[in-house]
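Here is how the chains run, residue by residue.
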Amino acid sequence: MFNDTDISQFLSAFESSKHMRMLNVFLKGFTTQRENYLHALNNQDTAGLKASVHDIKSIARTILAHDMGQQAEDIEEMIQNGQTEIALEKAPALIPELDHAIVLLGKAIEGTSL
């Protein structure tokens, strides 16, 4: 699961003056995509779910949240392959991962971790 070490490793690629800006960008991205994801899931909107999960995959992989990125990719591929019922069954499992990443990024911004 995504953790403080992953955040530190991700941030090490940037100047320290850019850390807060980077964290805020990714926190906002995850927060927005979580809302989009839940809306699409609740409405069984597979096109919306596919778009949201694609963005989640990209954000997750960028910040080194590899498990979440893989989980998002799996759901995206199910939708692409016409396995929408399976994707809709598996999709809720990504929500705790998103919530966890949002909490970790928020704590890093507040300075209570890292």
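Above this text sits the structure in question.
Just so you know, these numbers come straight off a predicted model, no measurement behind them.

(A) Region of the structure containing the overall build of the chain. Per the secondary structure count, the chain includes 6 helices and 0 strands. Element order for the chain, N to C, with α for helix and β for strand: α-α-α-α-α-α. Compactness check: the chain gives a C-alpha radius of gyration of 14 Å against a globular reference of 13 Å for 114 residues, within 12% of the reference. Along the longest, intermediate and shortest principal axes, the C-alpha atoms of the chain span 45 × 20 × 20 Å. Split into buried and exposed, the 114 residues of the chain put 41% on the buried side. Just so you have it, the chain exposes about 6,200 Å², and 49% of that area is on carbon and sulfur atoms.

(B) Examining helix H2 (residues 19–42) more closely. With 24 residues, H2 extends 34 Å between its outermost C-alpha atoms, agreeing within 8% with the 34 Å of an ideal straight helix rising 1.5 Å per residue. Residues of H2 that are buried include every one of Met22, Leu23, Phe26, Leu27, Gly29, Phe30, Gln33, Tyr37, Ala40 and Leu41, and no others. Next to the buried residues of H2 lie helix H1 (4–11), helix H3 (46–62), helix H4 (66–80), helix H5 (84–90) and helix H6 (94–110). Count one or two residues on from H2 and you reach glutamine 44, which has phi positive near 50 degrees.

(C) The nonpolar core, seen in detail. If you look at the biggest cluster of nonpolar residues, it comprises 36 residues, and the most contacted ones within it are Phe30, Tyr37, Met68 and Leu94. When contributions to this core are tallied by element, the ones reaching two or more residues are H1, H2, H3, H4, H5 and H6. In this structure methionine 68 touches Phe30, Ile56, Ala60, Leu94, Glu97, Leu98 and Ala101, once residues within four positions along its chain are discounted.

The rules behind these values
- Counting restarts for each chain: residues are numbered from 1 in the order of the written sequence.
- Local features in a predicted model are, by the rule used here, given only for residues with pLDDT of at least 70; side-chain atom pairs are given and counted only at 80 or more, and totals for whole chains, interfaces and linings are based on all residues.
- Only hydrogens and water are set aside; all other atoms, that is, all heavy atoms of the structure, feed into the side-chain values.
- Under the DSSP-based scheme used, a helix requires at least four consecutive residues in state H or I and a strand at least two consecutive residues in state E, with every element numbered from the N terminus.
- Radius of gyration here is computed from C-alpha atoms only, and the compact-globule reference equals 2.2 Å multiplied by the residue count raised to the power 0.38.
- Each residue's exposure class comes from its accessible area (1.4 Å probe, protein chains only) as a fraction of the maximum for that residue type: buried when under 20%, exposed when over 50%, partly exposed otherwise.
- Residue exposure ignores everything except the shown protein chains as possible cover, and the areas themselves are Shrake-Rupley values with a 1.4 Å probe.
- The length a helix should cover is 1.5 Å for every residue beyond the first.
- Whether two residues are in contact is decided by their heavy atoms, any of which lying within 4.5 Å being enough.
- Buried Ala, Val, Leu, Ile, Met, Phe, Trp, Tyr and Cys residues that are joined via side-chain atoms within 4.5 Å together make up what is termed a nonpolar core.

Read these as spatial facts, not as claims about activity.
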